[in-house]
Amino acid sequence: MEDISKRITYLRKEIERHNDLYYDKNNPEISDSEYDNLVKELERLENENPLFALSNSPTRKVSGFASSSFAQIKHQMPMLSLDNTYSKEEIIKWYDRIAKKLSGNKIEFVIEPKIDGLSASLTYINGILTIGATRGDGQIGEDITENIKTIKDIPHRVQIKYPPLMFEIRGEVYVNKTDFENLNKLMLENGQQKFANPRNAAAGSLRQKNPYITSLRNLHFFAHSFGKIDGKSFESQSEFLKFCKECGFCLQDDLKQVSSLDEIFKFIDIALNERDLLNYEIDGLVIKVDNFLKQKDLGYTNKSPRWAIAFKFPAKQATTKLNKIRVEVGRTGIITPSAILDPVALAGVTISHATLHNFEEIERLNINESDIVLIERAGDVIPKIVKVVTKNSEGFFKAPKICPSCNSDIVKKKEEEVAYRCINPDCPAQFRRHLIHFVSRDAMDIEGFGISLIDQLLKANKLHVISDIYRLTFDDFIGLDLFKEKKANNIVKSIVLSKSRPLSKLIFALGIRHVGEKGSEIIAERFNTIDAIFDASLEDFKKIPEIGEVLAISLRDFFRNPSVCKVIDTLKAVGVNMVEPNKEKSGSIFNNKVFVLTGELDNYARDSASEIIKSLGGKITSSISKKTDYVLVGKNAGLKLQKAKELNIKVIDEIEFDKLIGEENVNLQR
Ligand code: IVH
């Protein structure tokens, strides 16, 4: 019993401390989901041990408070919080509860995004924006009227002719992803600390003593609820939202009306898939009973309405210990640090590595081994370290002075980039990276030639130069770890196959600085043969519209380098193709047609569908615009499909796609 009491006291203190860091200091130490877990645990302990329940426990009140550095504003109606959950089972339970209470009548819902921002209340008197306030503790907020007036999405005078005498719109002030990145760059340039997330950036920008600073921050606002209204009433949330639109407020495009659990879950899945495509951060969805009479029947708990629930998406941030900083030598000799972490669950996967970008970043974050760090995983990218939460070490981790692979001196080339480099051309670590890149799928695509095989061949002294790959025979493989007859035969076949890859793949495989896949294709299509590329002058490179000065110089220097000539000569000698096949099949249906792929395809991997389109003269882009000719859709397509319809772009499914490309290609390429 004593333990429970101690734990409850600890949790209350800890939650209050995190509330202060989050709401007042805009500088959270833990992720939202870690915070939610603390609250859930406290709620559970208080429910199980009612003796210890306290009326001012953080579980019973709306978090946050109004800072005394702003004038205070008492909300005419309290600004409440939302009950939230990460689990679909909880949504089912919530649905069952309200369905029971509403005695089986059909329920319409509105689903809105839960934008990660700062809530604000706007009071309009006779249609004119008069007061802007933060939520504060839900009862008393901060007067930020002048700051609110700098936000372009917020009308100073509503656009309707006969506005209600007085009304209070509530919504979320937020910073979009692009502005967040730019703002953080600016903060760094000015020697200030970066914001940990867009929500902190919005809060830090809005709670400024000087409204001019707020005006520079490009804040946005979306309306989601209201407080007191004199002179108008609404029947439903959707009617209220329509009213907001008429007044001149921005609404989110992805507003959705549904009437069943199935539809709720369908929409959740779509939103989860497309979350990273949006230009603003959403941390979940809010599901609201649409009809206001029904809302009234359902009522409120002391801190949130029963008629709404927030379904929160898996966390993108977590805290963990940085155990070690590993230093690796890349293909071009650049030394990059990466973090090895205590494994931690994040957005459904276990994370044990994070990128640290470069040594300047390490210095900026003042990071060292043993520190406790906040990590973040946005989209599919490798997680990154946002900041140090607890410093367990002295100072920051310094770049090594000698190459960890070949012991040569490390050089810092200031004029180029923030890069520490090993400039030894014979550095084994660089060669290993070069091999890994050369055989990779987007380069010479040697199936089965993975990192462990490369390491075994290097150890067995079978690879000294790139072209050695093509001299390997069955005997070199048999006897290696896990290589029996079949596997050895297959890898030999893969190596032979890779000799006939188009020139563009070879150019990409060579790993020229600043030249990616697209660049390699452009160069190969322009010159057609490797000999023509060797003969090209700087001017010839510059003539290509897509190639700028830096790239042209990089190309010229690369192909003038005698060791590159040697590599190419040896590759020629082993029979590697040096020509770009002519892709323009005249009369082909995809000639110069622009495609966008979206959703999950049943019969094609994304890459193979893209390859087919490209091989028939088509182009692939990632976003839809008026220039798009076709959108190939698979299952669970969402926003892109919607946009395609809006722009009247031809949408085709797999069956139509198969028809277009003809049976021959289907059989060939799948
Ligand atoms: S409705 C009575 N709708 O989330 C509930 N809130 O965790 C009124 N939020 O303080 C809020 N998106 O600031 C509502 N679509 C949305 C929202 C939303 C974000 C914020 C809101 C609230 C907090 C609760």
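Residues numbered from 1 in each chain as written. Predicted model: local features only at pLDDT ≥ 70, side-chain atom pairs only at ≥ 80, totals over all residues. Heavy atoms only, no water.

1. Description of the nonpolar core
Counting residues in hydrophobic clusters, the biggest one holds 54 residues, and the most contacted among them are Phe438, Phe449, Ile469, Tyr470, Phe477 and Phe559. If sequence neighbours within four positions are ignored, Phe438 has contacts with Ala443, Met444, Asp445, Ile466, Ile469, Tyr470, Leu506, Ala509 and Leu571. Of all hydrophobic cores here, the second largest spans 36 residues; its members include Leu122, Ile144, Ile154 and Cys244. (Core = buried A, V, L, I, M, F, W, Y, C linked by side-chain atoms within 4.5 Å. Buried < 20%, exposed > 50% of the residue type's maximum accessible area, 1.4 Å probe, protein only. Contact = heavy atoms within 4.5 Å.)

2. Regarding the site of the ligand
Inspection of the region around the ligand gives 15 residues, with Glu112, Ser119, Arg135, Glu172 and Lys288 positioned closest. At 2.6 Å, a side-chain N or O of Glu172 approaches an oxygen atom of the ligand. His224 is positioned with one of its side-chain polar atoms (N or O) 3.5 Å from a nitrogen atom of the ligand. Among the elements of the structure, β3 (109-115), β8 (220-230) and β10 (282-289) are those that each provide at least two residues to the shell around the ligand. Per-element accounting of the shell around the ligand gives the leading share, four residues, to β3. Its residues assigned to classes, the shell around the ligand comprises seven nonpolar, three polar and five charged. (Near = heavy atom within 4 Å. Polar contact = N/O pair within 3.5 Å; in protein donor to acceptor, adjacent residues only side chain to side chain. Helix = DSSP H or I, 4+ residues; strand = E, 2+ residues; numbered from the N terminus. Nonpolar A, V, L, I, M, F, W, Y, C, P; charged D, E, K, R; others polar.)

3. Quick look at the packing of helix α12 (residues 428-439) against helix α16 (residues 503-510)
Put simply, α12 and α16 touch, their axes get as near as 8 Å, and they point 160° apart. Taken together, the axes of α12 and α16 are roughly antiparallel relative to one another. Regarding α12 and α16, the two cross each other, and that crossing is right-handed. Judged by residue contacts, His434, His437 and Phe438 of α12 engage Leu506, Phe508, Ala509 and Leu510 from α16. Among the residues making up the contact of α12 with α16, the classes are represented as five nonpolar, two polar and no charged. (Axes fitted to C-alpha atoms, helices over the stretch in contact; angles between N-to-C directions. Parallel < 35°, antiparallel > 145°, perpendicular 65-115°, else oblique. Left-handed = near helix turned anticlockwise from the far one by under 90°.)

4. Observations regarding the sheet that holds strand β19 (residues 594-598)
Spatial ordering of the open sheet is given by β20-β19-β21-β22, a layout of four strands whose pairing is parallel. Unpaired on one side and paired on the other, β20 (619-620) and β22 (650-652) mark the two borders of the sheet. Pairing of β19 with strand β21 (residues 630-633), which is carried by four bridges, proceeds in the parallel orientation. What sits directly across from Leu597, in β21, is Leu632. Across the sheet, helix α22 (residues 606-615) is in contact with β19, β20 and β21; its angle to β19 comes to roughly 170°. In the packing of helix α23 (residues 639-646) onto the sheet, the strands contacted are β19, β21 and β22, and the crossing angle to β19 comes to about 140°. (Pairing = 2+ DSSP bridges.)

5. What about the environment of Lys384?
Looking at where Lys384 falls in the secondary structure, it is placed in strand β16 (residues 384-390). Take Lys384: its relative accessible area is 32%, and that puts it in the partly exposed class. With eleven residues separating them along the chain, Lys384 and Val373 place their C-alpha atoms 10.0 Å apart. Beyond its immediate chain neighbours, meaning those up to four positions away, Lys384 contacts Ala354, Thr355, His357, Leu374, Ile375 and Glu376.

6. Points about the confidence of the model for the chain
The predicted model of the chain has a mean per-residue pLDDT of 88, with 94% of residues at 70 or higher. Counting interchain partners and residues more than four positions distant, the pLDDT-below-50 stretch residues 663-670 has ten contacts. (pLDDT = per-residue confidence, 0-100.)

7. So, the pattern of salt bridges
Following the criterion strictly, the structure yields 28 salt bridges and no others. Of the charged contacts in the structure, one is a salt bridge between Arg12 and Glu46, with a shortest N-O distance of 2.9 Å. On the criterion of sequence distance, the pair formed by Arg12 in helix α1 (residues 2-24) and Glu46 in helix α2 (residues 32-48) is long-range, its members being 34 residues apart. The closest approach of N and O atoms between Arg44 and Glu48, which form a salt bridge, is 3.4 Å. Of this pair, Arg44 and Glu48 both sit in helix α2, separated by four residues, roughly a single helical turn. Arg44 sits in the partly exposed class, given a relative accessible area of 42%. What emerges from the salt-bridge pattern is a single network uniting Glu14, Arg17 and Glu29. (Salt bridge = Lys/Arg side-chain N within 4 Å of Asp/Glu carboxyl O.)

8. Some points on the side chain of Arg421
Take Arg421: it is sitting in strand β18 (residues 419-422). Residue class for Arg421 comes out buried when judged on its relative accessible area of 6%. At a separation of 2.8 Å, a polar atom in the side chain of Arg421 contacts the main-chain carbonyl oxygen of Thr332.

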